[in-house]
Amino acid sequence: MIRRSFLAALAFAVALPLTAWAEAPLKVVATTGMIADAARQVGGDQVEVKGLMGPGVDPHAYRQTRSDIVAMTRADLILWHGLYLEAQMEDFFHDLGRKRAVVAVAEGIDTSKLRAHDDYADKYDPHVWMSPALWRDVVVEVQEALTEARPDAADIFAANAQAHLAEIDQLEGYAAQALASVPESNRVLVTAHDAFGYFGAAYGYEVMGIQGISTQSEAGLNRIGELVDTLVDQQLTAVFVESSVSDRSMRALIEGAAAKGHDVGVGGELYSDAMGEPGTYEGTYIGMLDHNITVIAGALGAEVPDRGMNGKLSAGF
Ligand SMILES: [Zn+2]
């Protein structure tokens, strides 16, 4: 009896502050840092976003932890990338989608804009964040998902999305200008894995990864040998390491070129599949790409502003 009246009182107390509940931030869980950033930019103070994959985390290999699952059961909306990026979580999200609001934000992109996956005939290259033009489509998907979850805030989400899309336009302008200032014969990007295909296609760069589109395939000695020959033949002097992939194979490449009397250096560390530290400029989508564009263009011979397009990059990258 006492218990029942206690529960009744509790139900009453919970029901009372209805407006306060309606205004509590929408709880959003996002897999990659890039999607979490898009949700924060578009959601503003209407959302509380938890990103599952921090700096240096490889999404191709990531599996949900116990605390991720807890966060997802408490979330109002779950955003993942899709296109087989989170290969180890694919089944998990398909199951979860039967019970919760789950959206694969990159799967809303028109497939005519996507590159083929080099390992699977029926799949696409998931690294769409490398092209600001494609990322715009993802931001719009995020806006739609947030609007569906909280229709009352549609106008706020639309205004925030417009502002963020304008920043992405500015980024695209900077990228086009900086990357076009690299001498044509230097427009080759050698990286640890094939994350830069959309980037190369957008800006006219040849892109070569030691590993394929997924980091899950082992780099063969043949592949390293081929790349060493390319570096020597084309007289390329810079290769790039990635923050979320081991640089072991990259060292083998540099040593291989050195053994043939050709000096190759590391042009810098790029953010391929994960952003920089939270709370820093490089820990945002705009900062991540500004960093990559500035490091690549600078290392390959263009004049670029030291601190990038907004003067916000950390010194000495
Ligand atoms: Zn990748």
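Scroll up to find the structure.
As the structure is a computational prediction, the values presented were derived from the model and not from experiment. (Residues numbered from 1 in each chain as written. Predicted model: local features only at pLDDT ≥ 70, side-chain atom pairs only at ≥ 80, totals over all residues. Heavy atoms only, no water.)

(A) Spatial organisation of the overall build of the chain. On a plain count of helices and strands, the chain comes out with 11 helices and eight strands. Expressed along its principal axes, the backbone C-alpha trace of the chain runs to roughly 85 × 35 × 35 Å. Burial analysis of the chain (317 residues in total) assigns 48% to the buried set. A separation of at least 24 residues holds for 66% of the contacts in the chain among residues at least 6 apart in sequence. Of the accessible surface of the chain, which amounts to about 15,000 Å², a share of 51% is contributed by carbon and sulfur atoms. (Helix = DSSP H or I, 4+ residues; strand = E, 2+ residues; numbered from the N terminus. Buried < 20%, exposed > 50% of the residue type's maximum accessible area, 1.4 Å probe, protein only. Contact = heavy atoms within 4.5 Å. Areas by Shrake-Rupley, 256 points an atom, 1.4 Å probe, with all protein chains shown as cover.)

(B) The pattern of salt bridges, seen in detail. If you walk through the whole model with that rule in mind, you get nine salt bridges. As a salt-bridge pair, arginine 98 and aspartate 95 come within 2.9 Å of each other at their nearest N and O atoms. Since its relative accessible area comes to 40%, aspartate 95 is described here as partly exposed. Residue glutamate 226 pairs with arginine 223 through a salt bridge whose shortest N-O separation is 3.0 Å. Of this pair, glutamate 226 and arginine 223 both sit in helix α9 (residues 221-233), three residues apart, which is roughly one turn of the helix. A cluster of three or more residues bridged by salt bridges with shared partners is formed by Arg136, Asp169 and Glu172. (Salt bridge = Lys/Arg side-chain N within 4 Å of Asp/Glu carboxyl O.)

(C) Structural detail: the packing of helix α3 (residues 33-43) against helix α6 (residues 132-149). The N-to-C vectors of α3 and α6 enclose an angle of 60°; their axes lie 9 Å apart at closest approach. Between α3 and α6, the angle falls in the class oblique. Helix-helix and strand crossings are classified by hand; for α3 and α6 the assignment is right-handed. Side by side, α3 and α6 meet where Met34, Ile35, Ala38, Ala39, Val42 and Gly43 of the first sit next to Trp135, Val139, Val142, Gln143 and Leu146 of the second. Residues belonging to the contact of α3 with α6 are distributed by class as follows: nine nonpolar, two polar and no charged. (Axes fitted to C-alpha atoms, helices over the stretch in contact; angles between N-to-C directions. Parallel < 35°, antiparallel > 145°, perpendicular 65-115°, else oblique. Left-handed = near helix turned anticlockwise from the far one by under 90°. Nonpolar A, V, L, I, M, F, W, Y, C, P; charged D, E, K, R; others polar.)

(D) Spatial organisation of unusual backbone geometry. Look at leucine 83: it is not a glycine, yet its phi comes out positive at around 55°. Mapped onto the elements of the fold, leucine 83 is located in the loop between β3 (77-80) and α5 (90-96). Of the residues examined, leucine 83 reaches a relative accessible area of 11% and is grouped as buried. Even without glycine at this site, tyrosine 84 takes up a positive phi of about 65°.

(E) Layout of the side chain of glutamine 46. Locating glutamine 46 in the fold gives a position in the loop between α3 and β2 (47-51). For glutamine 46, a relative accessible area of 18% translates into the label buried. Only 3.5 Å separates the side chain of glutamine 46 from the side chain of arginine 150, close enough to count as a polar contact. Apart from residues lying up to four places away in sequence, glutamine 46 is in contact with Pro25, Leu26, Arg150, Ala153, Ile156 and Phe157. (Polar contact = N/O pair within 3.5 Å; in protein donor to acceptor, adjacent residues only side chain to side chain.)

(F) Local environment of helix α4 (residues 66-74). What α4 keeps buried is the set Asp68, Ala71 and Met72. Taken around the axis of α4, the buried residues stretch over an arc of 100°, which confines them to a single face. The exposed residues of α4 that point more than 90 degrees off its buried face are Arg66 and Arg74. (Arc of directions from axis to C-beta.)

(G) Quick look at the pairing of β2. With five bridges joining them, strand β1 (residues 26-30) and β2 adopt parallel strand pairing. For valine 28, the partnering residue across the bridge sits in β2 and is valine 49. This β-α-β element, β1 to α3 to β2, shows right-handed connectivity. (Pairing = 2+ DSSP bridges. Right-handed = clockwise from strand over helix to strand, strands pointing away.)

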